[in-house]
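Now for the letters of each chain:
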Amino acid sequence: MKMKSMLFAMVFALGFGTLAGQETESAASLYNQGLELLKAKDYAGAFPILEKALAVADPEADAEVVKLANRNGSIAAYYLGNDLRGGDKFAEALQVYDKGIAMDPSRYANFIGRAQAIEGMGDDLAAIDAYIEAGLQSEKAGKADRAPQLYSKAENMVAKAYSGKNWNNTISFAQAFLAKRETADVYYYLSQAQLEKGSKDEALANADKSLELATEDKNKFYFGKAEILKSMGQKSGAIEAYKMVTGGPYAERAKYEADQLAKG
């Protein structure tokens, strides 16, 4: 088949698109090489060749090459990123996942791999944002069942900072989380950390937010608000909040605190 500009026909095999091209180092031939390596699960070999196919492709004349190389390049990126991450090469894995996302943003798995790589690098603040983004992308891709686990990963990082009494990290982590998603617990962690740091007005506002979002057991959240009001010298408000704690591990202490304030 001889023509001034390369033409190709697309066939499908094993779920991948194979292209027939004339020139040895054409975009189509590079794509086909990369595809064969991808089928053989040689992700380290496939990914750079698919990248090269995209680099030499003409956006108009090679539109189908571009489409398929992006689609399969993102698949290769995910598996190569996983291999790199498995070898503790987190920074390299992150670069590959990011390239995979640029190739095909609809492939949500690369967002998950990206979050895991950032966590592996020890950057919890960035990982919180990345896990929430991975959850959002999972929902966008119709994989909403994956999202709760990803959101929980992000929230647990805030909880860990709070449990360790690292108030500065609790505040920055919670604010990063709340920039994209709201939960009662994260507002609670933030309010209590702000109380510890002396930002009482902000702490009270966030304690109220935690109560607004809490749906079932609100005892912890009322106790947290009562503690803030007590520290602010708002006795009647604190007593009222303590009295709202009717069960759970905070009940006995809440009753004691309310009685002490009433006596004073």
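Residues numbered from 1 in each chain as written. Predicted model: local features only at pLDDT ≥ 70, side-chain atom pairs only at ≥ 80, totals over all residues. Heavy atoms only, no water.

**Q** Summarise the overall build of the protein chain; cite the residues concerned and give the values.
**A** Of regular secondary structure, the protein chain possesses 13 helices and two strands. Taken over the C-alpha atoms alone, the protein chain extends approximately 95 × 30 × 25 Å along its principal axes. Within the protein chain, the proportion of its 264 residues that are buried is 45%. Here the protein chain displays about 13,800 Å² of accessible surface, and carbon together with sulfur accounts for 50% of that area. Taking the average location of the 32 positive side-chain charges in the protein chain and that of its 36 negative ones, the two points are 3 Å from each other. (Helix = DSSP H or I, 4+ residues; strand = E, 2+ residues; numbered from the N terminus. Buried < 20%, exposed > 50% of the residue type's maximum accessible area, 1.4 Å probe, protein only. Areas by Shrake-Rupley, 256 points an atom, 1.4 Å probe, with all protein chains shown as cover. Lys, Arg positive; Asp, Glu negative; His and termini not counted. Charge placed at Lys NZ, Arg CZ, Asp CG, Glu CD.)

**Q** Give me the packing of helix 6 (residues 124-140) against helix 7 (residues 147-163): which residues, what numbers.
**A** Closest axis-to-axis distance for the helix 6/helix 7 pair is 8 Å, and the angle between their directions is 165 degrees. Classified by the angle their axes make, helix 6 and helix 7 are roughly antiparallel. The hand of the helix 6/helix 7 crossing is left-handed. Contacts between helix 6 and helix 7 involve Asp124, Ala127, Ile128, Tyr131, Ile132, Ala134, Gly135, Leu136, Ser138 and Glu139 from the first element and Ala147, Leu150, Tyr151, Lys153, Ala154, Met157 and Val158 from the second. (Axes fitted to C-alpha atoms, helices over the stretch in contact; angles between N-to-C directions. Parallel < 35°, antiparallel > 145°, perpendicular 65-115°, else oblique. Left-handed = near helix turned anticlockwise from the far one by under 90°. Contact = heavy atoms within 4.5 Å.)

**Q** Account for the environment of alanine 258, naming residues and giving values.
**A** Summarising the element assignment, alanine 258 is placed in helix 13 (residues 251-263). For alanine 258, a relative accessible area of 6% puts it in the buried group. When the C-alpha positions of alanine 258 and asparagine 166 are compared, they lie 28 Å apart, and in sequence the two are 92 residues distant. Beyond its immediate sequence surroundings of up to four residues, alanine 258 is in contact with Ile239 and Tyr242.

**Q** Describe in detail the side chain of glutamine 192, supporting the description with residues and values.
**A** Looking at the secondary structure, you find glutamine 192 in helix 9 (residues 184-196). Contact partners of glutamine 192, with chain neighbours within four places excluded, come to Tyr162, Gly224 and Ile228.

**Q** Talk me through the pattern of salt bridges; I want residue IDs and the actual numbers.
**A** Tallied over the entire structure, the rule returns 16 salt bridges. The salt bridge partner of glutamate 36 is lysine 39, with a shortest N-O separation of 3.6 Å. Placement of the pair is glutamate 36 and lysine 39 together in helix 1 (residues 27-39), with a separation of three residues, close to one helical turn. Judged by its relative accessible area of 45%, glutamate 36 falls in the partly exposed class. Between glutamate 133 and lysine 180 there is a salt bridge, with its nearest N and O atoms 2.9 Å apart. Of the two residues, glutamate 133 sits in helix 6 while lysine 180 sits in the loop between helix 8 (167-178) and helix 9, which places them 47 residues apart along the sequence. Owing to a relative accessible area of 33%, lysine 180 belongs among the partly exposed residues under this scheme. Each of the salt bridges in this network shares a partner with another, and the network as a whole consists of Glu227, Lys230, Arg253 and Glu257. (Salt bridge = Lys/Arg side-chain N within 4 Å of Asp/Glu carboxyl O.)

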